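# Structural overview for review
Next come the chains, spelled out residue by residue.
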Amino acid sequence: DVKVTQSSRYLVKRTGEKVFLECVQDMDHENMFWYRQDPGLGLRLIYFSYDVKMKEKGDIPEGYSVSREKKERFSLILESASTNQTSMYLCASIKRLDYEQYFGPGTRLTVT
Amino acid sequence: AQSVTQPDIHITVSEGASLELRCNYSYGATPYLFWYVQSPGQGLQLLLKYFSGDTLVQGIKGFEAEFKRSQSSFNLRKPSVHWSDAAEYFCAVVAGAGNKLTFGGGTRVLVKP
């Protein structure tokens with residue numbers, strides 16, 4: 001069974017803090033993704049990575065950065081958290097030539 | 001650019017009644033289409049997918065979806081809903097390099113006893 005885990009289910013941070021969200025997958029998938037989920041907007045792609053140390057901007061990268069130092073781990077970084085980044089964050093992974101993405105349980109981030 | 005529209009934000013159905021969730025997509029090439037379900041507090045789980053071939057696809061939990069190219073639609077159906085089907089449902093299309101997904105806004109389904 002593919003497993004995608006995220007470091008926290010719930011997180012509360014203050015405005016201006018640096019925030020790290022971690023995602024780990026155990027199926028040797030090449031591609032990994034970070035989405036944010038907001039009511040009525042569905043999931044929107046923030047960043048994705050198709051290999052170690054490689055990253056590509058998604059549809060809404062502003063205010064975020066990512067890091068992929070190991071194949072199994074993909075981190076989302078909020079350099080200076082703002083209240084408009086309060087959201088649910090979902091990580092996903094996929095084998096390079098496949099199409100079915102596997103999702104983690106999500107991290108609900110609240111920035112106060 | 002590709003897009004996915006789910007016209008219904010909320011749907012309420014009675015347990016045992018049929019359910020249909022609408023999905024329309026905009027994509028130039030042959031689409032690869034998906035339906036995902038998100039139960040409360042959970043991540044997304046794949047219900048079914050369409051790549052090619054038979055336009056009626058069967059998925060898990062008794063769901064099916066029909067691809068209609070002429071209508072650019074991929075509607076999800078279930079003949080008889082169970083209380084456990086209360087969840088949010090997302091339609092998605094593969095778009096672009098890296099097998100990125102574009103999602104619709106989601107439809108939240110409430111099931112009345």
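Report on the accompanying structure. (Residues numbered from 1 in each chain as written. Chains lettered and ligands numbered in written order. Predicted model: local features only at pLDDT ≥ 70, side-chain atom pairs only at ≥ 80, totals over all residues. Heavy atoms only, no water.)

Our focus in this paragraph is the overall build of chain B. Secondary structure assignment for chain B yields 0 helices and 12 strands. Helices and strands in chain B line up, N terminus first, as β-β-β-β-β-β-β-β-β-β-β-β. Relative to the 2.2 N^0.38 estimate, which gives 13 Å for 113 residues, the radius of gyration of chain B is 13 Å and therefore close to what a compact globule would have. Counting only C-alpha atoms, chain B reaches 45 × 30 × 20 Å along its principal axes. Among the 113 residues that make up chain B, the fraction classed as buried is 47%. In chain B, of all internal contacts separated by at least 6 residues, the share reaching a separation of at least 24 is 52%. Element-wise, carbon and sulfur atoms account for 49% of the exposed surface of chain B, whose accessible area totals about 5,200 Å². With 10 positive and 8 negative side-chain charges, chain B shows a spacing of 5 Å between the two charge centroids. (Helix = DSSP H or I, 4+ residues; strand = E, 2+ residues; numbered from the N terminus. Rg over C-alpha atoms; globule rule 2.2 N^0.38 Å. Buried < 20%, exposed > 50% of the residue type's maximum accessible area, 1.4 Å probe, protein only. Contact = heavy atoms within 4.5 Å. Areas by Shrake-Rupley, 256 points an atom, 1.4 Å probe, with all protein chains shown as cover. Lys, Arg positive; Asp, Glu negative; His and termini not counted. Charge placed at Lys NZ, Arg CZ, Asp CG, Glu CD.)

Of the regular secondary structure elements, chain A holds 0 helices and 11 strands. Listing the helices and strands of chain A from first to last along the sequence gives β-β-β-β-β-β-β-β-β-β-β. Here the C-alpha atoms of chain A give a radius of gyration of 13 Å, agreeing with the 13 Å that 2.2 N^0.38 yields for 112 residues. Dimensions of chain A, computed from C-alpha atoms along their principal axes, come out at roughly 40 × 25 × 25 Å. The 112 residues of chain A split such that 49% are buried. Pairs at least 24 residues apart make up 55% of the contacts formed inside chain A by residues separated by at least 6 positions. When the accessible surface of chain A is totalled, it reaches about 5,500 Å², and 49% of it is carbon and sulfur.

Below, the discussion takes up the nonpolar core. Within the largest apolar cluster, 26 residues are counted, with the highest numbers of intra-cluster contacts made by Trp35, Leu48, Phe74, Leu76 and Tyr89 of chain B. Broken down by element, the residue count for this core peaks at 4 residues, all from strand β10 (residues 87–94) of chain B. Those residues in contact with Leu48 of chain B, other than ones at most four positions away along the chain, are Leu33, Phe34, Trp35, Val57, Gln58, Gly59, Phe63, Glu64, Ala65, Phe74 and Leu76 of chain B. Grouped together as the second largest cluster of nonpolar side chains are 20 residues, Leu21, Ile46, Tyr64 and Ala81 of chain A included. (Core = buried A, V, L, I, M, F, W, Y, C linked by side-chain atoms within 4.5 Å.)

This paragraph deals with the pattern of salt bridges. Two side chains carrying opposite charge are able to pair once their charged atoms lie near each other. All names here are of chain A. Considering all chains together, one arrives at 13 salt bridges over all chains under this definition. One salt bridge in this structure joins Arg73 and Glu22, with 3.8 Å as the shortest N-O distance. With Arg73 in strand β8 (residues 73–78) and Glu22 in strand β3 (residues 19–25), the pair connects residues that are 51 residues apart, well separated along the chain. A relative accessible area of 37% means that Arg73 is categorised as partly exposed. (Salt bridge = Lys/Arg side-chain N within 4 Å of Asp/Glu carboxyl O.)

The subject of this paragraph is the interface of chain B and chain A. Residue-level contacts link 22 residues of chain B with 23 residues of chain A. Carbon and sulfur atoms supply 57% of the area buried between chain B and chain A, which totals about 1,700 Å² over both sides. Contact with chain A buries area across many residues of chain B, yet Asn99, Lys100 and Phe103 of chain B alone supply 29% of it, more than any other trio. Viewed at the interface, chain A and chain B are joined by 1 salt bridge. Among the ionic pairs, Lys49 of chain B bridges to Glu100 of chain A, the shortest N-O distance being 3.6 Å. Applying the counting rule to chain B against chain A returns 3 residue pairs in polar contact (both at pLDDT 80 or more). Going through the elements one at a time, β5 (33–38), β6 (45–50), β10 and β11 (101–103) of chain B are the ones with two or more residues in the side of chain B that touches chain A. Residue composition of the side of chain B that touches chain A, by class: 11 nonpolar, 8 polar and 3 charged. (Buried area = accessible area lost by both parts, 1.4 Å probe. Polar contact = N/O pair within 3.5 Å; in protein donor to acceptor, adjacent residues only side chain to side chain. Nonpolar A, V, L, I, M, F, W, Y, C, P; charged D, E, K, R; others polar.)

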